[in-house]
Amino acid sequence: MTRIVAIANQKGGVGKTTTAINVASSVAAAEKRALVVDMDPQANLTSGLGIDAAALAGTIYRGLVEGTPATDLIQNTELVTLKVLPAERNLTGAEIELVDQPRREYRLRELLEPVAEDFDYIFIDCPPSLGLLTVNALVAAHSVLVPLQCEFFALAGVSELMSTLNRVRASFNRGLEVQGIVFTMVDERTNLTSQVMQDVRENFPGAVYDSVIPRNVRLAEAPSFGKPILLYDIRSKGAEAYLSLTKEILNDEAESTR
Ligand code: ATP
Ligand code: MG
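Right, let's walk through the structure included here. Because the structure is predicted, anything quoted here is derived from the model rather than measured.

The rules we used
- Residues numbered from 1 in each chain as written.
- Chains lettered and ligands numbered in written order.
- Predicted model: local features only at pLDDT ≥ 70, side-chain atom pairs only at ≥ 80, totals over all residues.
- Heavy atoms only, no water.
- Helix = DSSP H or I, 4+ residues; strand = E, 2+ residues; numbered from the N terminus.
- Buried < 20%, exposed > 50% of the residue type's maximum accessible area, 1.4 Å probe, protein only.
- Areas by Shrake-Rupley, 256 points an atom, 1.4 Å probe, with all protein chains shown as cover.
- Lys, Arg positive; Asp, Glu negative; His and termini not counted.
- Charge placed at Lys NZ, Arg CZ, Asp CG, Glu CD.
- Core = buried A, V, L, I, M, F, W, Y, C linked by side-chain atoms within 4.5 Å.
- Phe/Tyr/Trp six-rings, centres within 6.5 Å; stacked < 30°, edge-to-face > 60°.
- Lys NZ or Arg CZ within 6 Å of the ring centre and 35° of its normal.
- Contact = heavy atoms within 4.5 Å.
- Pairing = 2+ DSSP bridges.
- Axes fitted to C-alpha atoms, helices over the stretch in contact; angles between N-to-C directions.
- Near = heavy atom within 4 Å.
- Polar contact = N/O pair within 3.5 Å; in protein donor to acceptor, adjacent residues only side chain to side chain.
- 1 Å grid on protein atoms, 1.4 Å probe; cavity = no way out; pocket = protein on both sides within 12 Å on 5 of 7 lines; lining within 4 Å.
- Sits in = over half its atoms within 2 Å of the grid points.
- Nonpolar A, V, L, I, M, F, W, Y, C, P; charged D, E, K, R; others polar.
- Patch = residues over 30% accessible without salt bridge, like charges linked within 9 Å, V, L, I, M, F, W, Y side chains within 5 Å.
- Salt bridge = Lys/Arg side-chain N within 4 Å of Asp/Glu carboxyl O.

**Concerning the overall build of the chain**
1) Next: Secondary structure summary: the chain contains 11 helices and 7 strands in total.
2) Next: Seen through its principal axes, the chain has C-alpha atoms that stretch 50 × 40 × 35 Å.
3) Next: Out of the 258 residues in the chain, the part that is buried amounts to 54%.
4) Next: For the chain, the accessible area works out to roughly 11,800 Å², and carbon and sulfur atoms hold 50% of it.
5) Next: Averaged over its 24 positive side-chain charges, the chain has a centre that lies 2 Å from the centre of its 33 negative ones.

Here it is as structure tokens:
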């Protein structure tokens, strides 16, 4: 069974793309077939995996708006078992062009359906908004992974995201689950960090991963080399943390299929 996981948080710069690249590549390194989908017009995931979208015949925009099959758009990466469905700037236009189209919330689900069986895991990197692109990701997904930065408004941000999940469940995707919440860019020396971590764990019991992602400069450098952290610096704290998180995510599935 394919597991489709959207990586979402409407707040910008919280580590969605870094988490998408590094969890997907760690899953691939565990010899699972993984696809990572770029649903953000900023296309940071695409460039962070070393892909020059300008050199391609098409990206996800064509799949969502023009009906180009995913097989024509999916690209290889340096890791044999990791594929990517890339994006470019023009994806901004999809949000506008799809607005008055029928089944506009189901475009990504329908794009992925024919290829889903080729993968064990599909991760979808969302833009920092709760607009139609994110809704498409939430409608296509089985679950949502929420990267969270420990700052004062973090809890309010997750609560807003949870009400969006409820709306998506009510209208489009009844089975949508919360895969989990992961703390990113953590600097455990600050009081605010430990306070926020405690508050979130209390408010969402059982939903927060034990693994936390530390602030680590190697994680920030890797995308400029077009590489996931595993290929850039496998001995870094960042690599260690994403491998540990991935182990927990793979375990979630083992538990739920028992
Ligand atoms: P956006 O909302 O704009 O899509 P995002 O949520 O996808 O942002 P990222 O792009 O993953 O966030 O991260 C924001 C910035 O922080 C990037 O420059 C990234 O390299 C850096 N970064 C992410 N995680 C870490 C980390 N654990 N340690 C240090 N830097 C990090
Ligand atoms: Mg991003």
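Structure shown, so let's carry the discussion forward.
**Quick look at the nonpolar core**
1) Next: Membership of the largest hydrophobic core comes to 55 residues, with the highest contact counts inside it found for V37, I60, L108, L112 and I124.
2) Next: One finds L79, L82, I213 and Y242 within the second-largest nonpolar core, a separate group that totals 30 residues.

**Notes on the packing of aromatic side chains**
1) Next: One pass over the full model with this rule turns up 4 aromatic pairs.
2) Next: Taking 5.0 Å as the distance between ring centres and 25° as the angle between the ring planes, the aromatic pair formed by F225 and Y232 counts as stacked.
3) Next: The exposed category is assigned to F225, whose relative accessible area is 52%.
4) Next: In this structure, R103 is placed above the aromatic ring of Y106, and the distance from its NZ or CZ to the ring centre is 4.2 Å.

**Topic: the side chain of N216**
1) Next: Structurally, N216 is set in the loop between α8 (191–203) and α9 (217–221).
2) Next: Setting aside residues up to four positions removed in sequence, N216 forms contacts with S236, K237 and G238.

**Digging into the sheet that holds strand β1 (residues 3–7)**
1) Next: Taken together, 7 strands build an open sheet; the order of strands is β3-β4-β2-β5-β1-β6-β7 and the sheet is mixed. Of all strands in the sheet, those bounded by a partner on one side alone are β3 (75–76) and β7 (177–184).
2) Next: Bridging between β1 and strand β5 (residues 121–125) involves 5 bridges; their strand directions are parallel. By the bridge assignment for β5, I7 is matched with D125.
3) Next: Sheet strands in contact with helix α7 (residues 154–171) are β6 (143–149) and β7, and its direction is about 160° off that of β7.

**Focus: the environment of I60**
1) Next: Note on placement: I60 falls in helix α3 (residues 60–66).
2) Next: Judged by relative accessible area, which is 0%, I60 ranks as buried.
3) Next: Between the C-alpha atoms of I60 and Q195, which are 135 residues apart in sequence, the distance is 40 Å.
4) Next: Contact partners of I60, with chain neighbours within four places excluded, come to V37, D38, M39, L73, L85, P86, A87, L91, L108 and L111.

**Brief notes about the site of ligand 1**
1) Next: Taken together, 18 residues surround ligand 1, and among them K16, T17, T18, P214 and N216 come closest.
2) Next: Interatomic distance of 2.8 Å between a side-chain N/O atom of T17 and an oxygen atom of ligand 1.
3) Next: Interatomic distance of 2.9 Å between a backbone N/O atom of P214 and a nitrogen atom of ligand 1.
4) Next: Protein burial of ligand 1: of its 630 Å² of free accessible surface, 80% is covered by the chains.
5) Next: In a pocket analysis with a 2 Å cut-off to the grid points, ligand 1 is assigned to the largest pocket.
6) Next: In terms of residues, the shell around ligand 1 owes the most to one element, helix α1 (residues 16–29), which gives 3 residues.
7) Next: Across the shell around ligand 1, the residue classes break down as 7 nonpolar, 7 polar and 4 charged.

**Some words on a nonpolar patch on the surface**
1) Next: Taken together, F152, F153 and L192 make up a surface patch of nonpolar side chains, about 380 Å² in accessible area.
2) Next: Assignment of secondary structure puts L192 in helix α8.

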